[in-house]
Amino acid sequence: MMTTANIPAMKSMLPDLQLAKPSKQGAALRDYDSVRRAIGFISEQWRTQPTIEAMADAAHLTPDELHHLFRRWAGLTPKDFMQALTLDHAKRLLRDSASVLDAAYDSGLSGPGRLHDLFVTHEAMSPGEWKKGGEGMTLRYGFHPSPFGMAIVIASERGLAGLAFADEGEEMPALADMQRRWPLATYIESFAETAPFAKRIFDSSQWRADQPLRVVLIGTDFEVRVWETLLKIPMGRATTYSDVACKISSPKASRAVGAAVGRNPVSFVVPCHRVIGKSGALTGYHWGITRKRAMLGWESGQAAGLTA
């Protein structure tokens, strides 16, 4: 079993892992680092609609560099990306989502199948398996570059079991946070075995209905019901905690829904980042509000590309 005593030794493995593919991995992480700085500036200044020069200065880039970065990273111009982060945009996501979500439920998408844009199929572990804290399970993990910083991919024999994110230098605490969810499982580091999952998740060319991504949901019955509901939120749409509570027939359980959303172990794939406040404001996110903004903006570009 992996314990905190193992973490220093594990941390020494990480530089070797990063050196395995220095150009590709380094470029992806540098992109997100620049994007993160730009998002931090935009999220504070969007009401004044700052110029690209001001955004570029905050990101330590030239205007041309910032323009090309955003086009490469999200398929959007910096101005379009800023629009995707505004309160008005968030409100439009909410307004447009009601009919979409109702249609998804009416189509009978409550079970395994084509649930959302990543073409995910899922299964839930039994309550007994969850209560064992992962005992008897072997979970493989790997660190992989992503559009949102370093991703920690955790896989079981049955499919993707966990996905987390970390800023530079925070990889091991983020992994430890995930391990605490299933403390009795056996953890094995395997970049090779988790790499196909990372590619399948973040490479939109891999989003194919005939090759669905299998996800294993490990939680309480209530949490799994919430996470299954999140799977029905289409890319480019959003919902609220109270709406999720109503969908699972617990209209007074908004706080409990919020807690379950926060405990979602499969970030991004189970899109808890698409749950926002009633006003359209972006609320807290376990992996950081800046990353939540990045995901929504990145998805706006992906959705536009998929429908073009």
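Residues numbered from 1 in each chain as written. Predicted model: local features only at pLDDT ≥ 70, side-chain atom pairs only at ≥ 80, totals over all residues. Heavy atoms only, no water.

## Things to note about the pairing of strand β3 (residues 149-156)
Now for step 1: β3 sits mainly inside the fold: eight of its eight residues count as buried.
Now for step 2: Here strand β2 (residues 138-146) folds back onto β3, and the loop between the two strands holds two residues.
Now for step 3: Following β3, the chain reverses through two residues before pairing antiparallel with strand β4 (residues 159-166). (Buried < 20%, exposed > 50% of the residue type's maximum accessible area, 1.4 Å probe, protein only. Helix = DSSP H or I, 4+ residues; strand = E, 2+ residues; numbered from the N terminus. Pairing = 2+ DSSP bridges.)

## Comments concerning helix α4 (residues 63-74)
Now for step 1: Under the 1.5 Å per step criterion, the end-to-end length of α4 is 16 Å for 12 residues, consistent within 8% with the ideal 16 Å.
Now for step 2: Among all positions of α4, only L66, L69, F70, W73 and A74 are buried. The arc that holds the buried residues of α4, viewed along the axis, is 95°, so those residues lie on one side. Exposed residues on α4 whose side chains face more than 90 degrees from its buried face are D64, H68 and R72. (Expected span 1.5 Å × (residues − 1). Arc of directions from axis to C-beta.)

## A few points about the packing of aromatic side chains
Now for step 1: Within this structure, the stated rule accounts for 13 aromatic pairs.
Now for step 2: Between W73 and F148, the ring centres sit 6.2 Å apart and the planes meet at 85°, which makes this aromatic pair edge-to-face. With W73 in helix α4 and F148 in the loop between β2 and β3, this residue pair connects regions lying 75 residues apart in the sequence. Both residues of the pair, W73 and F148, belong to the buried class.
Now for step 3: The interplanar angle of 50° and the centroid separation of 5.4 Å between the aromatic rings of F148 and F268 together place this pair among those described as tilted. With a gap of 120 residues between them, F148 in the loop between β2 and β3 and F268 in the loop between α12 (254-262) and α13 (289-307) connect regions that are remote in the sequence.
Now for step 4: Its relative accessible area of 0% is what places F148 among the buried residues.
Now for step 5: Members of the aromatic cluster, each reached through a chain of ring pairs, are F70, W73, F81, F148, F165, F202, W207, F268 and W298. (Phe/Tyr/Trp six-rings, centres within 6.5 Å; stacked < 30°, edge-to-face > 60°.)

## Observations concerning the packing of helix α10 (residues 221-230) against α12
Now for step 1: Put simply, α10 and α12 touch, their axes get as near as 9 Å, and they point 80° apart. With respect to α12, the element α10 is oriented roughly perpendicular. Residues F222, E223, V226, W227 and L230 of α10 touch α12, and the partners they reach there are A256, V257, A260 and V261.
Now for step 2: Of the residues in the contact of α10 with α12, the class split is eight nonpolar, no polar and one charged. (Axes fitted to C-alpha atoms, helices over the stretch in contact; angles between N-to-C directions. Parallel < 35°, antiparallel > 145°, perpendicular 65-115°, else oblique. Contact = heavy atoms within 4.5 Å. Nonpolar A, V, L, I, M, F, W, Y, C, P; charged D, E, K, R; others polar.)

## Considering the side chain of S156
Now for step 1: Along the chain, S156 falls in strand β3.
Now for step 2: For S156, the side chain forms a polar contact with the main-chain nitrogen of R158, separated by 3.1 Å.
Now for step 3: Ignoring sequence-local partners within four residues, the contact set of S156 consists of M137, T138, L139, A161 and V216. (Polar contact = N/O pair within 3.5 Å; in protein donor to acceptor, adjacent residues only side chain to side chain.)

## Some thoughts on the side chain of S242
Now for step 1: In this structure, S242 sits in helix α11 (residues 241-247).
Now for step 2: Engagement of the side chain of S242 in a polar contact is seen with the side chain of T240, the distance being 3.1 Å.
Now for step 3: What S242 contacts, discounting residues up to four positions off in sequence, is S254 and K278.

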